[in-house]
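# Residue-level structure breakdown
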Amino acid sequence: MDVVCIGGGPAGLYLALLLKQHGLAARVRVYERNRPDDTFGFGVVFSDRTLENLAQADPISHQEIVDAFVHWDDIDVHYQGQVVTSTGHGFSGMSRMRLLTILQRRAQALGVELSFEAPVDDLAAFSSADLIVIADGVNSQLRELHAEAFQPRVDMRPNRFVWLGTTFPFKAFTFYFKESEHGLFRVHAYRYEEAGSTFIVECTEETFERAGFEGASEQDTVAYFERLFADELAGHPLLTNRSIWRQFPTVSNRRWWTALPSGPRLVLLGDALHTAHFSIGSGTKLALEDAISLLQSLQHLQREVADASEALCEALEASGRALSELTARLSEPGVEDAVVASGGELPVPDSLIKAALALPPSFDRKAALDRALMAFEAGRRPEVASVQRAAEVSLRWFEQTERYLGLSPLQFTFSLLTRSLRVSHGNLKLRDPELVSEVDRFVAAEAQDRTGLTVPSDTPPMFTPLTIRGVTLMNRVGVSPMCQYSAQEGLIDDWHLVHLGSRAVGGAGLIVCEMTAISPEARITPGCAGLYSEAHEVAWRRVVEFTHRHSAALVGIQLGHAGRKGATDVPWRGERPLTEGAWPLVAASPIAYEAGSQVPREMSRAEMDQALEDYRAATRRAARAGFDLLEVHMAHGYLLASFISPLTNRRTDGYGGSIEARARFPLEVLRAVREAWPEERPLSVRISASDWYPEGISEAEVVCLAELLGQSGADIIDVSTGQTLPEARPVYGRLYQTPFSELIRLSSGLLTMTVGNISSFSDINSIIAGGRADVCLLARGHLFDPYFTQHAARAQGVEVSWPSQYASVANFRARAD
């Protein structure tokens, strides 16, 4: 195979040497536009896991890399005049130039053809190559030249950063958070060799502009930060290496490979293919692991070629044997006479003739190469997507660091260390048990101060109590409201009693009952629960009394109106609009939810007044039924959400336009509910903090909405996202909605509940300890395991009481086998 690598950075060089080392290519050429000793930046970082991958791929270059490492386990966080140290992180750094030198030398030793100062602007000269690898960096010209095929997306992030160096020998990976008269600067610093360290400075665009860095020279930048960080640098200078201010581009591509009409296949690699923010130190890691993954896919191709060659040899041998036998048979005495006598027929079996004349099987190398590239993309894309999701959350933490400045140094550090949501309370406890114990003590002491209860200092964060108005949750775990679609004319039955009662017995601190309609016309489906009659009130009271009698859980109910998403069938029958028995719909604007859905009426003032009365009546019934908490549903595209989102509110009266106007009717509902709800009982509101769609609700509007809700009587905000439009595309992932809860909690000062892909008790501990939410709601987690909280308590050595009927389980120990 003939392979050409465009770009002599880590991705291109490492793939080139691996292809030669493993015998996958007869010829490998690398073309680099810069000189061999040109490089941007200073150092690179590797995790211990990355090193294991390199050792398996090429032990020789791995050993050279390891020999050049500076290793550290600690992270130092300098914040508010204090230093908080965390240990056990296992990272190594080295000079980027040293890394490139090692890879260049190893590639040359293996026979790779290296060409420097050799820019490649088009690929016509390589039409005879089998594979062209585009690894020419984040600003790849060749990727843009073939943008129609690759469909790249480049998201330029707003923060500004500059990559500097220093001779200061940092003993740990170091973060500085320091303010000047112009704003807050964040520094990511680490040592990569005995007398060399990387010193990256980052700030918001506003701080960048106030400091006058637009058009500043490298010398101006260095002078500014040598003054600001004079104490930290202790006389050591800052160094430059093309240290210009820039914005970080998050690069992704819809397609990873394509074929040129002339024949060669093109594949992207490294920063040309994807980027991950430097705050998680994964750019070089991703590049090298790309090379390893592509190598493995091409090894499958090699095996295909070997199998095809073996099949070819076997076919040729069989054909040769048949031909020899045929020749021998035709050479026998009397054959010629027999042919004449038979009118030209050969006196041999037809099968022997066919075998002798059989063509060998063909092998399509290009189709096989296509399969290898498809396998590379299919196998590698999920891991890259996971890293990029973590990097996205991490970079947003640094974009919004000002938001965290109200946290104590300890909680600030915990938030920083767990910012990507891939490092959890449990992961960190394995690495640094002393720091996590200190964090747990902090959370326990804070809970004790706020509730007046005695909270042991070693209590895991999820098992600390929380007081909201006149009620106290005994832990931070809640059962999220989940529609069961099993009511008859709004009346719930024994299914709901068992469904909710079992989760209460399972130890959750809060049970929030499903979205409950305030009127028959407010239902989503005919199976939705209601609270618009005395019979409904009686049925719900039965659930509440059971829960209070047999558990310590508080019980909440969620009141809502389906709006334009109403009059549909239950999910297991397709959730389609009802063809019989449908009721008329209302919404903020006359916009159908999706094609085929009923078009709602624009809600009139008279209909608003009727809805207000329905909310008041349902609230009074909820109070008499004994619910401890009431939640107003203003999310997921239902009636009140349709007023809030700019995507579904096209009104030109006093209920459309700005967020204050769009929230006007929902706030009227909230105030009406607050007036009808007992003073000592808390009130929650569920909102969609993102529509996951262009021109949807903005972060600024979400914070404004939360503040308006707090001013109108909400005690806690239940933060969800989406479901506004069917064509929305949420970015799913671990704890994917938690950052929105954190946004509201830290910006508004309100208590929050978070929901969405919370799947472990370590997730919950991370959320509570990091100040990201006050309560964690689990839906599917509780469907899978009604006793989730009890099992989490057992795993962490916490005693949570069981009902008397289950007392014997206290000494039970399950075996894994």
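This text gives an overview of the structure that appears in the document.

About the cut-offs
- Residues numbered from 1 in each chain as written.
- Predicted model: local features only at pLDDT ≥ 70, side-chain atom pairs only at ≥ 80, totals over all residues.
- Heavy atoms only, no water.
- Pairing = 2+ DSSP bridges.
- Helix = DSSP H or I, 4+ residues; strand = E, 2+ residues; numbered from the N terminus.
- Axes fitted to C-alpha atoms, helices over the stretch in contact; angles between N-to-C directions.
- Contact = heavy atoms within 4.5 Å.
- Buried < 20%, exposed > 50% of the residue type's maximum accessible area, 1.4 Å probe, protein only.
- Right-handed = clockwise from strand over helix to strand, strands pointing away.
- Salt bridge = Lys/Arg side-chain N within 4 Å of Asp/Glu carboxyl O.
- Parallel < 35°, antiparallel > 145°, perpendicular 65-115°, else oblique.
- Left-handed = near helix turned anticlockwise from the far one by under 90°.
- Nonpolar A, V, L, I, M, F, W, Y, C, P; charged D, E, K, R; others polar.
- Expected span 1.5 Å × (residues − 1).
- Phe/Tyr/Trp six-rings, centres within 6.5 Å; stacked < 30°, edge-to-face > 60°.

## A look at the sheet that holds strand 7 (residues 91–95)
- Pairing is antiparallel across the open sheet formed by 3 strands, whose spatial order is 3-7-4. Each edge of the open sheet carries a strand with a single partner, namely strand 3 (43–47) and strand 4 (70–72). Strand-to-strand twist of the sheet, defined as the mean angle between neighbouring strand axes without regard to direction, takes the value 25°.
- Relative to strand 7, strand 3 is paired through 5 bridges, and the arrangement is antiparallel. Looking at the pairing, V45 lines up with G93 of strand 7.
- Helix 4 (residues 96–109) rests against strand 3 and strand 7 of the sheet, and its axis sits at about 80° to strand 7.

## Re the pairing of strand 29 (residues 775–778)
- In strand 29, alternate side chains face the same way, and those of V775 and L777 on one face and C776 and L778 on the other are all buried.
- For the crossover from strand 28 (residues 751–755) across helix 25 (residues 761–769) to strand 29, the handedness is right-handed.

## Details of the pattern of salt bridges
- Scanning the entire structure with this criterion turns up 43 salt bridges.
- Here R106 and D58 are joined by a salt bridge, their closest N and O atoms 2.9 Å apart. You can see R106 sitting in helix 4 and its partner D58 sitting in the loop between helix 2 (48–57) and helix 3 (59–67), a full 48 residues away along the chain. Here R106 and D58 have matching classes, each one buried.
- Put simply, R624 and E537 hold a salt bridge, and the shortest N to O gap is 2.9 Å. With R624 in helix 19 (residues 605–625) and E537 in helix 18 (residues 534–550), this residue pair connects regions lying 87 residues apart in the sequence.
- Residue classification places E537 among the buried residues on the basis of a relative accessible area of 6%.
- Salt bridges sharing partners connect three or more residues here, namely K285, E289, D290 and R380.

## Observations regarding the sheet that holds strand 27 (residues 716–720)
- One closed barrel accounts for 8 strands, arranged 20-21-22-25-26-27-28-29; its pairing is parallel. Strand-to-strand, the axes of this sheet are offset by a mean angle of 25°, without reference to chain direction.
- Contacting strand 25 (629–634), strand 26 (683–688) and strand 27, helix 23 (residues 699–711) crosses the sheet at an angle of about 165° to strand 26.

## Looking at the packing of helix 17 (residues 494–505) against helix 18
- In the contact formed by helix 17 and helix 18, the axes pass within 10 Å of each other and the chain directions differ by 25°. The angle between helix 17 and helix 18 places the two elements in the roughly parallel class. Handedness of the helix 17/helix 18 crossing: right-handed. Between helix 17 and helix 18, the residues in contact are D494, L497, L500, G501, A504 and V505 and W540, R542, V543, F546, T547 and H550, respectively.
- Among the residues forming the contact of helix 17 with helix 18, the class breakdown is 7 nonpolar, 3 polar and 2 charged.

## Focus: helix 1 (residues 10–21)
- Its 12 residues place the ends of helix 1 16 Å apart at the C-alpha level, agreeing with the 16 Å of an ideal helix rising 1.5 Å per residue.
- Summarising burial for helix 1: 11 of the 12 residues are buried, a large majority.
- Along helix 1, the residues that are buried comprise P10, A11, G12, L13, Y14, L15, A16, L17, L18, L19 and K20.
- At the exit of helix 1 stands G23, carrying a positive phi of roughly 65°.

## Digging into the packing of aromatic side chains
- Scanning the entire structure with this criterion turns up 45 aromatic pairs.
- Centroid distance F173 to Y190: 5.5 Å. Interplanar angle 20°. Geometry classified as stacked. Residue F173 is located in strand 11 (residues 173–180), and its partner Y190 is located in strand 12 (residues 183–193); the two are separated by 17 residues in the primary sequence.
- Judged by its relative accessible area of 12%, F173 is buried.
- Consider the rings of W397 and F412, whose centres lie 5.3 Å apart with planes at 65°: the pair is edge-to-face. Here W397 is found in helix 13 (residues 365–399), whereas its partner F412 is found in helix 14 (residues 409–417), with 15 residues between them in sequence.
- An aromatic cluster is built from F168, F170, Y176, F185, F199, F208, F213, Y224, F225, F229 and W245, whose rings are joined through pairwise contacts.

This is a description of form; function is not addressed.
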